[in-house]
Every structure is written in structure tokens, then in C-alpha cells.
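# Fold and geometry: a report
If you want the building blocks of each chain, they are given just below.
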Amino acid sequence: MKFAYKFSNLLGTVYRRGNLNFTPDGNSLISPVGNRITIFDLKNNKSETLPLATRYNVACVGLSPDGNLAILVDEEGAALLVSLISKSVIHQFHFQKPVHSVSFSPNGKKFVVTKDKVAMMYHAPGKKREFNAFVLDTTYYGAYDETTCIDWTDDSKCFAIGSKDMSAWVFGAERWANLIYYALGGHKDTVVACFFEENSLDLYTVSRDGTLRVWQCDTGLDGLKPRLPKDTTEDGGESEKDPDDEFTEAQKGKEIHGETSANEKKSGKKVRYSCAAKYFFNKEGDFNNLTAAAYHKKIHLLVTGFASGIFHLHELPEFNLIHSLSISDQRIASISINSTGDWIAFGCAGLGQLLVWEWQSESYVLKQQGHFNSMVSLAYSPDGQYLVTGGEDGKVKVWNTSSGFCFVTFTEHTSSISAVTFTASGYVIFSASLDGTVRAFDLHRYRNFRTFTSPRPTQFSCLAVDSSGEIISAGSQDSFEIFVWSVQSGRLLDVLAGHEGPISSLSFNPMKCVLASASWDKTVRLWDMLDSWRTKETLPLNSDVLVVAFRPDGKELAVASLDGQITFWDHENAFQTGSIVGRHDLQMGRKELDKITAKQSAKGKSFTTLCYSADGQSILAGGLSKFVCIYNVKEQILMKKFEISCNLSLDAMEEYLDRRKMTEFGSMALIDEENRDDGVAIPLPGVKRGDMSSRHFKPEIRVTCLRFSPTGRSWAATTTEGLLIYSLDAGLVFDPFDLDIDITPSNVRKVLRQKEYTKAIVMAFRLNEKKLTQEVLETVPYNEIDVICSSLPELYVEKVLEFLASSLEKSRHLEFYLIWTKKLLMLHGCKLKTRSEKLLPIIQFLQKSIQRHFEDVSKLCDWNCYNMKYILAISQQHGVKRTAEESEDEDMPDSSNESMEESTVLS
């Protein structure tokens, strides 16, 4: 069993907070998700979460003009410089205070960061190797309150910032004699966004109260005059340089201090602005504040979003309304337009929505939403291609593991989902809910085709389906009973009573029709479904039982109890085979308001979810902690611990409390310091930073459900962060097999040239380099596959099958690899069947790859068939029309001859 599982992707959450960015080609969208970022490839219909994370939630993202670098800044001001090519962190930096926005200059040489009341310009890291990637160039002072937004001119000569003091400032990014700074006032609320016109110094500013001001400049970009170094002592706001302080100057950079009164000085040389126009957005109600805006300079398109979920599209500078639509009832937190101006991206933080809208065709390119509340349960489909999740918002969502997108959401439940599961066929999903129903959903027609209920209303806490998919059972939280239904008829078959506490977990034996039920009454009961539903065995435990799971071969039972122990049982003979004390491995964090230490609180914690690996050799365990533990069942030892998150924006992450947050009146966590920018919350009189009467909470880190993929290549966890997927990165793990000194790539190719294909394949698998193995297999002639498969040693048949399964996922040589698979299974099928338990993950991995290609190719074939039928139908219609026209021509007299005769008579 390999333990090189690495973070692969994050599903279930598409947007949290921060700004959205399109890549320069306009085909991909970068969205901040918690303390990570996800790249949605809209052209290829895929999503990928980068394997890096900040310490707190990402507050803003700055993308370089070439799309190779990104700067991620978290809530506390810590920044990561990230390469989007290698997907790795290049440099770390701390701005010491929360940052509001980051923006690269269009030429990529500088970037500006707005924090507190200042704007700071840094040298952007170039392609050369640099000791310090963040070198401060100039600090610009001027605003009297926090700065909010940035925009650059097209030639990177100047930039503008907006502020909460209702003003906007234009600064020169270089030394200009006629423009050092310029203050623009007149707004009556916070400036949300400012935009330069294309190739001009003309400016648009948008404020939160729904006002747009158009500012005209009397000077063009070509009219900016360079400033000589000796002019630095002139009045213009630049601080004087101390010749004795060169070292600190190099570290701090230059400083420019702007004053609003400076603009009143009469000077013909200086650049001047005038307000050319003022427009107002149509607002409905007092709380419909403007919250986000974006402007596309080439097509002059302004997009504005409001707190009520409405957005407007206007054409500037005439302010012509193109569209006014609503996407939800939540505030729009971020807007972005791609490079061509066709697609507009909207982010709604309240519901975690992400939408990409094509405004010309008025259609959605992407419409994704995660679970509004936390996810509770998940299940893999039998081929590992799909994942289903249930959340506390009562929604059941189905996700595609290869693309990372949710393609169907079922909303029939009216309360929190407690459990979800697939049938063995993979086309039916069952879900149990606290609303007292168990529902069956069809993945062919996307509908709820059956609803199971109990005689008396009850809350269902767990769910299990037998291997045949004919019997479904659900455990009750309040009546301590287990209800059994027939899937075909929908009838209630029996009610199993006997437990004296709430039913916490159910599990069917994969090989026999035996149901295991766990309860808080400190027992696990085994029910024989074929023998009048009688209790076959009762297994006593020392503490309340929380979860029960069968091994994939059905020969072992794992039970997790409230005392933090995982016990293993031989359920046939009803005796315990081993136990693991896991409460020390959980390592609980300490909540901000906890009175006891993390070490003491961990003593009362336990695992709340268990899952066997696909081969049954290991078991995954998780609970109310940031750690997921994987144990070896036979040796009963901890193999590895996975830290699912390092996000300190979540509660119970740190082991020790931060003394800096403790005051004489108690923890600072009791005070709501969040500053509400949406304008929806009405502050108390005299309160400047948020309403002290409002309360907020930090979500607590926890793992609610764990599941191994049937292919054994990955496992998933539903957590407070979202749906995390960890998979084996086979490309980076060098794992040679039976290696000799003679096994080298050159020797393998030499044997291949001699046409000793079987020997070359064996040598390639012993070296275990994927590219070399692929080269060897694809060199084998088509007509010799049969002979090579028959002469292949038994030990290598399994390895070839595993390689074929992984290659089929990405390769285009479908027929070639399918022939290999068919010949291997036909020639070695009987011998492989004896080791079916070990080979099951590989066969399911193979099935997943073939099934995905089958679906893609079948859709293409159907599409081609429909097109051919359509073309034939049109051609037949044209043929009928042509024959009708010809028959009409035959019936009509020859008018040409008559006209000729008339002409001769006239002459």
C-alpha cells in the first residue's frame, strides 16, 4: 500500500471572498476559495485547485499581465508570490497590515498595493533570479481613509486609487514634471472602483451610493513631461532625501505626500481634471448599495453589481443601459471581464456562487454553487467517476471527479442531509435526511423517482444499501429503530427494534446480506436480512458506538467508539481481533473561547468517520480535528497523518492561544471587529468600524466524512473547507521493481530494436518509468499483441493492467490499449479471478477509464447520427421540391417559342 497521497483538488466550494481574475487569454478564471485558489478552465471544462495555501483566507489576488505570476494576499497581509506555471510558491512577504487590492502595471514592471491610507508601488519580480522579489519603489500618501481600488493607464505611466474618504487620487508612476498627484472629490460615499479610459488620462469613478462621475483631463498621455532629478526639491509633495540615510532610503523607497489644497495653486504647467458628467444608477430601496464594478476599455463596457444581486451593463461614456438583470438575492462581491469582453464573471460570497455570463448571447458559460452550509456526507460511484455530497442546506450534489464540476443538484429535501450512498449499478443515489424521508434519485433522468417514509415521523441519521441494490435501510435518531424498505416496490418491509439508544451508523456486508448497526447503547448488532430479520449477533463495547464499517471483502468489521478506540471484529465468530487507541493521534486544536487546554479537550474526542482502503489493508479515520489518520489494520499502527488545512481563519486550528489576543476583559474574539462594506448592516451611532452589537462566528475545522475511491487511487473528505480530494501522484514517485544493474533505458531500447518485445516490457516495468513503459508498449506491432500477452509472466500481468488503466485516462490510442486489455483479460482471466480481492481496485480503475471514454464517444456518435439524419431529411425535402418544380415546368406551355413568334409578326 502506497502512502504518497497528495492534495489533488478541492470541490464543493467555488468562491468565498476576494477578487476574481481572468487569465490573459480569457479562457480561464482564477477564484479564491478559502485559503487556496482554484483555476476554472472554461474552454476545456475542468477545474484545478493549486497545491499551496496561505495562513488565512485569501483577501485579494493580483495577476501579472503575462499570466505567469500571481500574488496572493491573505486577511492579515501575508503575501505569497506564486508561479502559475510550476504551481509553486516562489517568495513570501508580509505587508504587516490588511491589504485591500493588488494590481500589476500593464507592462509588468511594477505592482501597486493599497493598504490602510497609503498606496505602495513595488518593483515586480522579473525573469532574472532575484534575492528579494518585493522591492519597495515609492509610497504614496494622500487619502484620509482606507484605500479601496487601483487602476493603471495603458502605458503604465500613471495609476489611480479610490478611497473610503469619498475621493480618488491620480499618481504618476514615474517622475513627471506636470503630474505628481491629483485629488478628485465630489462623491458622497466610498469610491468602489476607478477606471482609466483607453490610451487616455480620462477617468471614471464609481461610488457605493450608485454614482458615476466622468473626469476629463486637459492633457494626453503624450503630454506628460519627464522630471529632472534636480527638481526634487520643488513643491509637489515629494519628501526630501537625507544624504546620510541611503540605507534606509533603499529599504523604504521614495515617498510622495499628496495634499488636496495643492490643486488650487495656479500653474499652467500642471495637469488639470474637470468633471464632465455625472450619472446615477437606478436604485430600488435603501440597501441596494453598489458593491462591485468592472470596466472593459476596448469595448467601453461598464458592469456594476449591487448588494441585492442585481447587475447593470452600461456603455460609456454615453451611459447607455444594455442590460439590467439579477443573478441572486445576495450581494455581488466581485466582478471581472475577460480580455475579449465576451464573458463576465460574478462572485457572490453569501451563497458561495460563481457565475460566468456571456452577455451578448445572454447565456451562462459557468454556473456553480457549493453547499451553503457545511457538507455532512459523501459517497463515490462504483467506478470512481462521480462523487455525491449531502449538506446541511438540504441539497444533494453530484460532482464529476475528472472535471471538478457539479452537474446536477437535487433540492427535494427540506432539512439537513445525514447520509448519501450509491447503488452497485452507479445510476441511483439514496439520501437520508432529518426531514423524515429517504429519497432515491435517478442519474439517467435526474429526478426523484421514489420517496421512503416511516409510519411515524422520525429523523434519519444514517443509511445503508445492500450490494444488490434491492434493500435499503435507515436508522432513526429519536425512536431507536431501523427501517427496511424494498427499492422495487417502495414498501416498508420491516422495522428492526432492539437498540436502546439513537442509531449512529449502518453498514451492509458487501458479500452477504448482513446488516451491522451501531448505536449509542454501546452495542453493535448484526441482522440477517434473509432469516426473518433476526439479530444474528450482538457485539458489546465499552463506550457509545459512533461508526461501523465492513472491510471490502466482508470478513472484518471496524468499529469506532466514543472513548477514541477503533476495534476490529471477526463478526462470523463474534470475537475481537485487535484495537487501536486513536485519541492521541487526533491532536485537537484549542478554540478561541475554550477554558481548557487542547491536550485536555483531546481526551474526550474520538473518530466520527471510518473508511477501509480499496484493498482492505488500511483504514482512514477522521473526526473533529484538522488531521486525518491512516492506520495499517494488520500491524495496528499509524502509518501517516494528513493535515487537511492550515487555515487560521477557522476555529480550533492552533494548539495554544495567542496571548496577544487576550486582554484584561477576555478574548478579543468576543468583539466583532469585521468592517461591513456592503452597507447592509446599519451601524450604531458613533461606531466607525463595524457594529459592536452584531456577532459573527468562525467555523470550526472538522472532518465529517471520509471515503476511499473504489479504484484505490484517491480518497475524499468532506470538511469545513470543502470537499478535499487526495490522490496518488504516480508521475513523481520512483518505485522500481526487482532492479538490476543492467536495467537501464538504453538497454531497454536496445532490446526493443532487436524486436524482443516481451523482454523489453519486463525490463521497462522493472525500471518503472512511465514514459519509457509507454514507449515500449506503443512500439509493439498490432499483430503481435496476442503472442506477447500469452508469453507475459504472471507477475507482470497485474502491472500491465494497472498501467493500461492509468494510460487509458489520458491517451488517444483507445483501440490499441483496448486490444491489450481484452487479450490480457481473455488469456489470464481464470488466474486473475483467484486473486480478485487484490485486483479489484485495478479492475475498477480500468472500468472507470473505459466508461468515461465510452460516454464521450457514444455522445459523439449520437451527435453524428442525428446530424446525418438531419442532412438526409433536408436533402429529401429538397429532392421533393425539385421534382415538383420539374413537373410544373413540364405542364406549363413553352413561353419562349410563343414570344419568338410574336416578335417576328411585329417585325
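See the structure shown above.
Description of the structure in this document. Predicted model, so just to flag it, every value in this text is computed and none were measured.

### Comments concerning the overall build of the protein chain
Per the secondary structure count, the protein chain includes eleven helices and 59 strands. Going through the 907 residues of the protein chain one by one, you find that 52% of them count as buried. For the protein chain, the exposed area adds up to about 43900 Å²; of that, 50% sits on carbon and sulfur atoms.

### Quick notes on the side chain of Glu 556
Structurally, the position occupied by Glu 556 is in the loop between strand E47 (545-550) and strand E48 (557-561). Only 2.7 Å separates the side chain of Glu 556 from the side chain of Tyr 612, close enough to count as a polar contact. Setting aside its immediate chain neighbours within four residues, Glu 556 contacts Ala 549, Phe 550, Arg 551, Phe 568, Trp 569, His 571, Thr 577, Tyr 612 and Val 633.

### Let's talk about the pattern of salt bridges
Considering all chains together, one arrives at 19 salt bridges under this definition. We note a salt bridge from Asp 553 to Arg 551, for which the minimum N-O separation is 2.9 Å. Each member of the pair, Asp 553 as well as Arg 551, is classed as buried. Taking the shortest distance from any N to any O, the salt bridge between Arg 702 and Glu 700 comes out at 3.4 Å. On the basis of relative accessible area, Arg 702 is assigned to the partly exposed category, the value being 31%. Glu 700 gets classed as buried once you look at its relative accessible area, which sits at 18%. Shared partners join several salt bridges into a network, and the residues in it are Asp 151, Asp 154 and Lys 297.

### Quick notes on the pairing of strand E33 (residues 396-400)
Burial analysis of E33 places five of its five residues in the buried class, the great majority of the element. Residues Val 396, Val 398 and Asn 400 line one face of E33 and the alternating positions Lys 397 and Trp 399 line the opposite face, and both faces are buried. Sheet topology places strand E32 (residues 386-391) next to E33; five bridges connect them, and they run antiparallel. Considered in E33, the bridge of Tyr 386 is made with Asn 400. Hairpin connection from E32 to E33: four residues lie between these consecutive antiparallel strands, with Gly 394 at a positive phi of about 80 degrees. Strand direction decides the pairing type here: E33 and strand E34 (residues 406-410), joined by four bridges, are antiparallel. Along E34, the bridge assignment pairs Lys 397 with Thr 409. In textbook terms, the turn of a hairpin is the stretch between consecutive antiparallel strands, and for E33 and E34 this stretch comprises five residues, one of which, Gly 404, has a positive phi near 85 degrees.

What counts as what
- Residues numbered from 1 in each chain as written.
- Predicted model: local features only at pLDDT ≥ 70, side-chain atom pairs only at ≥ 80, totals over all residues.
- Heavy atoms only, no water.
- Helix = DSSP H or I, 4+ residues; strand = E, 2+ residues; numbered from the N terminus.
- Buried < 20%, exposed > 50% of the residue type's maximum accessible area, 1.4 Å probe, protein only.
- Areas by Shrake-Rupley, 256 points an atom, 1.4 Å probe, with all protein chains shown as cover.
- Polar contact = N/O pair within 3.5 Å; in protein donor to acceptor, adjacent residues only side chain to side chain.
- Contact = heavy atoms within 4.5 Å.
- Salt bridge = Lys/Arg side-chain N within 4 Å of Asp/Glu carboxyl O.
- Pairing = 2+ DSSP bridges.

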